[in-house]
Amino acid sequence: MELVCPAGSLPAFEQAVNHGADAVYIGFRDSTNARAFAGLNFDDERAAKALALARARGVKLFVALNTYAESGNTARWYDAVDRVAALGADALIAADLGVLDYASRHYPDLALHLSVQGSATNYEALDFYVRRFGIRRAVLPRVLSLKQVRQVAASGRVDVEVFGFGSLCIMAEGRCYLSSYMTGESPNQQGVCSPARFVEWRQSGAQMESRLNGVVIDRFGPDEKAGYPTLCKGRFECQGQTSHVLEEPTSLNTMAILPDLLAAGVKAIKLEGRQRSPAYVGQVVSVWRQAIDRLKKDPAGFRPDPHWMAVLQGFSEGSQTTLGPYDRPWQ
Ligand code: SF4
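Residues numbered from 1 in each chain as written. Predicted model: local features only at pLDDT ≥ 70, side-chain atom pairs only at ≥ 80, totals over all residues. Heavy atoms only, no water.

Points about unusual backbone geometry
Within the chain, N41 stands out as a residue other than glycine whose phi angle is a positive 85°. As for its position among the elements, N41 is in the loop between β2 (23–26) and α2 (44–57). On the accessibility criterion, N41 (2% relative accessible area) is buried. Residues other than glycine seldom take positive phi values, yet Q239 does so here, at roughly 50°. Along the chain, the position of Q239 falls in the loop between β11 (236–238) and β12 (241–243). Taking relative accessible area as the criterion, Q239 reaches 82% and is therefore assigned exposed. (Helix = DSSP H or I, 4+ residues; strand = E, 2+ residues; numbered from the N terminus. Buried < 20%, exposed > 50% of the residue type's maximum accessible area, 1.4 Å probe, protein only.)

Here is the structure:
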């Protein structure tokens, strides 16, 4: 089981490598990257530095071009594929059929991983991507139950990677347009949900208001930690009650079912967080490195260490975690 870690900057990349990543995934500084936050990510020079560090430490480097190419502007995405190939990365992570097609035709030796944004949830979809583009790995969407992950992994058609920890999206991956609805920009094409330039914080009496493009997303009391205003995690008035109508802020944490994921044949655990700080990357990677090493030594006796869980809890949205869709007792 490989540990695949996020890096939105060179310092974060170093933290990932130093704390035990088997592979680190990065993105370029443009809308080809679903984490295109201002001030983050890699130009060609930084990507080359990251690759040199990865090679020196025996770590793999993946590049995510995981947004959908804009009609009439596909050259940006094709150019990014050329840059990944020229860099000599170990894999390209992509979702767009046109990008996968271009990469597979022009660079047949470049390993392709299907991004979580591709939203392939069944054997038949994965089989198509293998036959058509020769993908070597698929990152499964965070909408599948553990039972469904088992079914997909058991097919053995392609290596399966799943998310282990990090922020959670409630929508079918790659298909959420809430941010587009509010701002005209979304993760799918512009690479960012709730772009920072639309975000506003305003003190209103004792409360702090968060707004997105002028619309109030949440109001926080003096004792509450104010979260970033993403529409899915806002509090709204509905049928006379104000609550998190769509989703409470929470993070995915699959530590408790790590032995099940290993037994299911999952080949890689991915950590979310290319928008997070180097300190987050270092501490979260360290916890997961220890966990996977302990799991490999003694799968039957594996128990999550309370200290690990406390560290992960501290980095979680709303300071709470969930197994999310993995846990569906009614299935
Ligand atoms: S609005 Fe929420 S569910 Fe949609 S992309 Fe943003 S974070 Fe994900």
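As for the packing of helix α1 (residues 10–18) against α2
It is at 10 Å that the axes of α1 and α2 come closest, and there the two elements cross at 10°. Judged on the interaxial angle alone, α2 and α1 are roughly parallel. Along the contact surface, α1 presents L10, F13, E14, V17 and N18, while α2 presents R46, K49, A50, L53, A54 and R57. By residue class, the composition of the contact of α1 with α2 is six nonpolar, one polar and four charged. (Axes fitted to C-alpha atoms, helices over the stretch in contact; angles between N-to-C directions. Parallel < 35°, antiparallel > 145°, perpendicular 65-115°, else oblique. Contact = heavy atoms within 4.5 Å. Nonpolar A, V, L, I, M, F, W, Y, C, P; charged D, E, K, R; others polar.)

Quick look at the nonpolar core
Ranked by size, the top nonpolar core spans 82 residues in total, and within it F13, L61, I135, L258, L261, I269 and W288 carry the most contacts. For this core, the leading source of residues is helix α9 (residues 278–297), giving nine residues. Residues contacting I135, with those up to four places away along its chain left out, are L100, L112, L114, Y129, V130 and V158. (Core = buried A, V, L, I, M, F, W, Y, C linked by side-chain atoms within 4.5 Å.)

What to know about the pattern of salt bridges
Under the criterion given, the structure shown has 25 salt bridges. A salt bridge links D44 to R83; the nearest nitrogen and oxygen atoms lie 2.9 Å apart. Pair noted here: D44 is in helix α2 and R83 is in helix α3 (residues 74–87), with a separation of 39 residues, a long-range link. The class for D44 is partly exposed, based on a relative accessible area of 42%. Between D127 and R157 there is a salt bridge, with the nearest N and O atoms lying 2.5 Å from each other. (Salt bridge = Lys/Arg side-chain N within 4 Å of Asp/Glu carboxyl O.)

Notes on the sheet that holds strand β9 (residues 207–212)
What the three strands build is an open sheet, ordered β8-β9-β10; its pairing is antiparallel. The open sheet terminates on both sides in strands that have one partner only, identified here as β8 (199–204) and β10 (215–220). Across this sheet, the average inter-strand angle for adjacent strands is 25°, counted without regard to direction. One ladder, built from five bridges, connects β9 with β10; its direction is antiparallel. Bridge assignment links L212 to a residue of β10, and that residue is V215. (Pairing = 2+ DSSP bridges.)

What to know about the domain arrangement of the chain
What the domain assignment reports for the chain is domain 1 (2–168 + 250–326) and domain 2 (182–243). Spacing between the C-alpha centres of domain 1 and domain 2 amounts to 27 Å. Counting residues at the interface gives 14 residues for domain 1 and eight residues for domain 2. Across the domain 1/domain 2 interface, buried area totals approximately 860 Å², and carbon plus sulfur atoms make up 44% of it. Across the pair E317 and K233 runs a salt bridge, and its minimum N-O distance is 3.9 Å. Inspection of the domain 1/domain 2 interface yields four residue pairs in polar contact (both at pLDDT 80 or more). Its residues assigned to classes, the side of domain 1 that touches domain 2 shows seven nonpolar, four polar and three charged. (Domains from an automatic or database assignment. Buried area = accessible area lost by both parts, 1.4 Å probe. Polar contact = N/O pair within 3.5 Å; in protein donor to acceptor, adjacent residues only side chain to side chain.)

Side note on the packing of helix α4 (residues 97–106) against helix α5 (residues 123–133)
The interhelical angle for the contact between α4 and α5, taken along N-to-C directions, is 35°, at an axis separation of 10 Å. When α4 is examined against α5, the residues L97, L100, D101 and S104 are found in contact with a partner set consisting of F128, Y129, R132 and F133.

Structural notes on α9
End to end, α9 covers 29 Å across 20 residues, agreeing with the expected 28 Å (1.5 Å per residue, within 8%). Those residues of α9 not exposed but buried are Y280, V281, G282, V284, V285, V287, W288, R289, A291, I292 and L295. (Expected span 1.5 Å × (residues − 1).)

Quick look at the side chain of E185
For E185, the location among the structural elements is in the loop between α7 (178–183) and β8. E185 sits in the buried class, given a relative accessible area of 18%. Excluding residues that lie within four positions of it along the chain, E185 makes contacts with S179, S180, Q190, V192, P195, R197 and F198.

A short note on the packing of aromatic side chains
The tally for this structure, following the rule as stated, stands at eight aromatic pairs. The interplanar angle of 70° and the centroid separation of 6.4 Å between the aromatic rings of F13 and F42 together place this pair among those described as edge-to-face. Taken together, the residues F13 in helix α1 and F42 in the loop between β2 and α2 connect sequence positions 29 residues apart. Owing to a relative accessible area of 0%, F42 belongs among the buried residues under this scheme. For the pair F128 and F133, a centre-to-centre distance of 6.1 Å together with 85° between the ring planes defines the contact as edge-to-face. Under the relative-accessibility criterion, F128 is labelled partly exposed at 35%. Within the aromatic cluster, the residues linked to one another by ring pairs are F128, Y129 and F133. (Phe/Tyr/Trp six-rings, centres within 6.5 Å; stacked < 30°, edge-to-face > 60°.)

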